[in-house]
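# Notes for the structure review
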Amino acid sequence: MNNKQKKDVILIGAGIMSATLGTLLNKLEPNWNIKLFEKLDQAGKESSNEWNNAGTGHAALCELNYTVEQPDGSIDISKAVEIYEQFQLSKQFWAHLVDANDIDDPEKFIRPLPHISFVYGENHVNFLKKRFNSLLPLPMFETMEYTEDPQKLLQWIPLMMENRTMDEPIAATKMDSGTDVNFGELTRKMIHNLERQDHFSVQYNSNVTDIKKLRDGTWEVKVINLDEGTIEHHTADVVFIGAGGGAIPLLQKTKIPESKHIGGFPISGEFLVCTNPDIVSKHQSKVYGKEPDGTPPMTVPHLDRRYIGGQSSLLFGPFAGFGPKLLKNGSNMDFFKSIKSNNILTLLAAATKNMPLVKYSIEQVLASKSNRMEALRNFVPGARDEDWELIVAGKRVQVIKDTDDSGRGVIQFGTEIVHSEDDSMIALLGESPGASTAVAIMLDVLKYNFTAHLEGWQPKLKEMIPSFGESLVENTALLREVEERSSRLLKL
Ligand SMILES: Cc1cc2nc3c(=O)[nH]c(=O)nc-3n(C[C@H](O)[C@H](O)[C@H](O)COP(=O)(O)OP(=O)(O)OC[C@H]3O[C@@H](n4cnc5c(N)ncnc54)[C@H](O)[C@@H]3O)c2cc1C
């Protein structure tokens, strides 16, 4: 990236990721010209939308896949600590935005909700107990409770205990400091705030179709203005592709070497939804179970109390489905067009290496509503078909790439920041842990792709996010301070 001080930046896509990066950059450099292009008519309509994801504020309070059992039987808790700390960064930044009157009514996008892990069967109960004992000594998890007592479980999760036959051991842990987040509302609030800023423009109904590097090192972005039916060309020093499922095709257009040997496999999500108030009122938490053996983290079943648009509901899933669209509002040609001569072997190698996953995906796609209801009955034994409706959620595009360590066609389960050597082109791929950790991911973009500016930005970053650059596990006083401030400002 050339080092002239003032930069022109283009952000592609109005989801939580561009909203977060745009807000951070605008706070740090209010005079930089930033343009955001979104192909739909509003912000937060794809994966970040409230109905397209589960709204879990992922802080490793209940997600069992962040604590992995080692061959010697011990539990590796490092990922859980990392995710917890990342969510604290998000909460601090959102709290700062509320404090600065950039966004209002935090209860419209974040609410307190207990996070519970629930397991059955002796092996899983033993695992949960070990996990609990490993996490409890850490200050961030010291309020975690554990029980195998059916009476206590009846208080914690009445809907899940009704009609349950007690023919195998069950156990649960509970953390009352969990949250339900409406990422769609949060995205819209952040983008509306950006629309009010002097050097920031947001253009909806604007489909980015091409990106190329100009001789002077800047980037030219071709935009189809769907309102006017015209073609526009915009230039910038830095481009951020925050296009969710649409990121891989746009990255391929840049032709940077880093865009080669990467592919994406679209997996659509489905949830069972219940809005019957008699049933909804019996479940006041998010409950995460254990993923089926040999399947990826996104298959972890969970039953979530949600609060969307003034209405409470329950969501169960997610179930995987396949369709060739890379975005929910995409085209059936998306996936096929993303297959290039440089990534076809990468994609084929991934399929060959991951046959159990392919088999699981095929089974999931072929599953009927009654198969989905059977899975739900492991959680809610008395669930009746007529109370639950199947809805289509957002798309995840599973990133597949060649790596030096593991060879061709490796499936990536986390988030990938791909960037050109000069850091002027940055793309965000992958969706896990997702929207909850948007702030941590975008702070990484600042750290690694705007290095020349970072030192000057430190004081402002520390003011907005006091634990930036600090370890909360090593500094309990700071942990308590940031938890108190975030909870107070976000009304948790
Ligand atoms: C089923 C499911 C459940 C999930 N549950 C959770 C959860 O509980 N907690 C959590 O933290 N995360 C969760 N996630 C992940 C989370 O939703 C995503 O990580 C996050 O929303 C991604 O945000 P984004 O801004 O990258 O993408 P998006 O929100 O998809 O935004 C991308 C935007 O780019 C636009 N765009 C695309 N192509 C173009 C183009 N060519 N030109 C212009 N605009 C374009 C799109 O229209 C869209 O508005 C879940 C995801 C799924 C699918």
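Computed from a predicted structure; not experimentally measured. (Residues numbered from 1 in each chain as written. Predicted model: local features only at pLDDT ≥ 70, side-chain atom pairs only at ≥ 80, totals over all residues. Heavy atoms only, no water.)

### Focus on a nonpolar patch on the surface
Taken together, the side chains of Phe322, Ile362, Val365 and Leu366 present a nonpolar region at the surface, about 380 Å² in accessible area. Along the chain, phenylalanine 322 falls in the loop between strand 18 (311–321) and helix 9 (334–337). Given the relative accessible area of 38%, phenylalanine 322 is considered partly exposed. (Patch = residues over 30% accessible without salt bridge, like charges linked within 9 Å, V, L, I, M, F, W, Y side chains within 5 Å. Areas by Shrake-Rupley, 256 points an atom, 1.4 Å probe, with all protein chains shown as cover. Salt bridge = Lys/Arg side-chain N within 4 Å of Asp/Glu carboxyl O. Helix = DSSP H or I, 4+ residues; strand = E, 2+ residues; numbered from the N terminus. Buried < 20%, exposed > 50% of the residue type's maximum accessible area, 1.4 Å probe, protein only.)

### Some thoughts on helix 13 (residues 438–449)
The first and last C-alpha atoms of helix 13 sit 16 Å apart over 12 residues, in line with the 16 Å expected at 1.5 Å per residue. Among the 12 residues in helix 13, nine count as buried, and that is most of the element. Three or more residues of helix 13 are buried, namely Ala438, Val439, Ala440, Ile441, Met442, Leu443, Val445, Leu446 and Asn449. At its buried positions, helix 13 is contacted by helix 1 (16–28), helix 2 (78–99), strand 14 (238–241), strand 21 (416–419), strand 22 (425–429) and helix 14 (451–464). (Expected span 1.5 Å × (residues − 1). Contact = heavy atoms within 4.5 Å.)

### Notes on the sheet that holds strand 18
An order of 7-8-6-16-17-18-15-19-20 is seen for the nine strands of this open sheet, with the pairing classed as mixed. Two strands in the sheet have a free side with no partner beyond their single neighbour: strand 7 (145–147) and strand 20 (407–412). With direction set aside, neighbouring strand axes in the sheet form an average angle of 30°. As defined by bridge partners, strand 6 (residues 115–120) adjoins strand 8 (residues 170–175) across six bridges and the pair is classed as antiparallel. The residue of strand 8 that forms the bridge with phenylalanine 118 is alanine 172. The strands that helix 10 (residues 344–353) touches are strand 15 (262–274), strand 19 (389–403) and strand 20; relative to strand 20, the one it contacts most, it runs at about 70°. Together, strand 6, strand 15, strand 16 (286–288), strand 17 (302–308), strand 18 and strand 19 form the strand contacts of helix 12 (residues 369–379), whose direction differs from that of strand 18 by roughly 120°. (Pairing = 2+ DSSP bridges. Axes fitted to C-alpha atoms, helices over the stretch in contact; angles between N-to-C directions.)

### Details of the pattern of salt bridges
Tallied over the full model, the rule gives 32 salt bridges. Close ionic contact of lysine 174 with aspartate 176 constitutes a salt bridge, the shortest N to O distance being 2.8 Å. Given the relative accessible area of 12%, lysine 174 is considered buried. For the salt bridge of lysine 286 with aspartate 304, the shortest nitrogen-to-oxygen distance reads 2.6 Å. Of this pair, lysine 286 sits in strand 16 while aspartate 304 sits in strand 17, placing them 18 residues apart in sequence. You can call aspartate 304 buried: its relative accessible area is 1%. Among the ionic contacts, a cluster of salt bridges with common partners joins Glu50, Asp104, Glu185, Arg188 and Lys189.

### Observations regarding the packing of helix 2 against helix 15 (residues 476–489)
Interhelical geometry of helix 2 versus helix 15 gives an angle of 45° and a closest axis separation of 9 Å. Viewed along their axes, helix 2 and helix 15 adopt a mutual orientation that is oblique. Where helix 2 crosses over helix 15, the handedness of that crossing is left-handed. The residues of helix 15 that touch helix 2, namely those facing Tyr84, Gln88, Lys91, Gln92, Ala95, His96, Val98 and Asp99, are Leu479, Val482, Glu483, Arg485, Ser486 and Leu489. Tallied by class, residues from the contact of helix 2 with helix 15 come to six nonpolar, four polar and four charged. (Parallel < 35°, antiparallel > 145°, perpendicular 65-115°, else oblique. Left-handed = near helix turned anticlockwise from the far one by under 90°. Nonpolar A, V, L, I, M, F, W, Y, C, P; charged D, E, K, R; others polar.)

Geometric values such as these leave the question of function open.
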